[in-house]
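# Report on the structure
The residues making up each chain are set out below.
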Amino acid sequence: RLQLEERESSEVLEALEKIAGQAHRANEIITRTRHFVRKEEPNLVPCDVNAIIRETLALLEIEAQRHGVTIDLDLALAPALPMVMADSIQMQQVIHNIARNGMEAMRDAAAAPRLLSVSTRATNTPGAPGTPGTQGLEVAIKDTGDGLSIEARAHLFEPFYSSKPQGVGMGLSICRNILDSHGGRLWARPDQEGGAVFCFSLPATENDRE
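Each value, and the rule that gives it
Residues numbered from 1 in each chain as written. Predicted model: local features only at pLDDT ≥ 70, side-chain atom pairs only at ≥ 80, totals over all residues. Heavy atoms only, no water. Helix = DSSP H or I, 4+ residues; strand = E, 2+ residues; numbered from the N terminus. Buried < 20%, exposed > 50% of the residue type's maximum accessible area, 1.4 Å probe, protein only. Contact = heavy atoms within 4.5 Å. Arc of directions from axis to C-beta. Pairing = 2+ DSSP bridges. Salt bridge = Lys/Arg side-chain N within 4 Å of Asp/Glu carboxyl O. Phe/Tyr/Trp six-rings, centres within 6.5 Å; stacked < 30°, edge-to-face > 60°. Lys NZ or Arg CZ within 6 Å of the ring centre and 35° of its normal.

## Here we look at the overall build of the protein
- Helix and strand counts for the protein stand at seven helices and seven strands.
- When the helices and strands of the protein are placed in sequence order, the string is α-β-α-α-β-β-α-β-β-α-α-β-β-α.
- The proportion of buried residues among the 210 residues of the protein is 40%.
- Contacts spanning at least 24 positions in sequence make up 69% of the contacts within the protein whose residues lie at least 6 apart.

## Re helix 2 (residues 49–58)
- Taken residue by residue, helix 2 has Val49, Asn50, Ile52, Ile53, Thr56 and Leu57 as its buried positions. Projected onto a plane normal to the axis of helix 2, the buried residues spread over an arc of 160 degrees and lie on a single side.

## Some points on the pairing of strand 5 (residues 134–142)
- One ladder, built from nine bridges, connects strand 4 (residues 115–125) with strand 5; its direction is antiparallel. The residue of strand 5 that forms the bridge with Arg121 is Glu138.
- Examined bridge by bridge, strand 5 and strand 7 (residues 196–203) share seven bridges and lie antiparallel to one another. By the bridge assignment for strand 7, Glu138 is matched with Ser201.

## So, the pattern of salt bridges
- Counted according to the given criterion, the structure contains four salt bridges.
- Two residues, Arg100 and Glu63, come together in a salt bridge whose shortest N-O distance is 3.0 Å. On the criterion of sequence distance, the pair formed by Arg100 in helix 4 (residues 88–107) and Glu63 in helix 3 (residues 61–67) is long-range, its members being 37 residues apart.
- For Arg100, a relative accessible area of 33% puts it in the partly exposed group.
- Judged by relative accessible area, which is 12%, Glu63 ranks as buried.

## So, the packing of aromatic side chains
- On inspection of all chains with the given rule, the structure shows zero aromatic pairs.
- When the ring centre of Trp187 is taken as origin, the NZ or CZ atom of Arg185, which lies over that ring, is 4.0 Å away.

## So, the environment of Leu156
- With respect to the secondary-structure elements, Leu156 resides in the loop between helix 5 (150–155) and helix 6 (171–181).
- It is 9.3 Å that separates the C-alpha atoms of Leu156 and Trp187, two residues lying 31 residues apart in sequence.

Here it is in structure tokens:
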């Protein structure tokens, strides 16, 4: 744009700001991953998971367009989620990896439309008799790809297992370990209408449990 001497400098500036934001995010993820591999404690702060989801998926807009994928989340994010104690960069990494896997699963699928649906909901797991339940939240990321084979479901979260030709098989394993370190859980199931659903849960902060 600059070589063509076009005067829409605001558009160029916006593009450069997005590039800088992506580079900063990549650096943060690499740093946090190194800390995670070294077994260092995550940087836990009160987090709004809906805000993390919106920020992470905004960074995937261009990739979604390239794969012909529509991201649907505006009507499915619960408005009154409890806060969670989490490392926001690690949570971005989990959401980014699952969402990107879903888009890649739809890349070669014949199903139409290619839709990535993200939803959240508050949860309350009943406790033992006479004890309060455990409050938290659940995130579900659903794609309209070809679904999960029986073999994939058996080995999905094992290190170095991948159904993708160029995959290294570490993404979902790292995601599960991150959620385990946050007191959460990660699982997957086939969707009744085709495709796959990846879900994860996190406990609420102490203040939101009262």
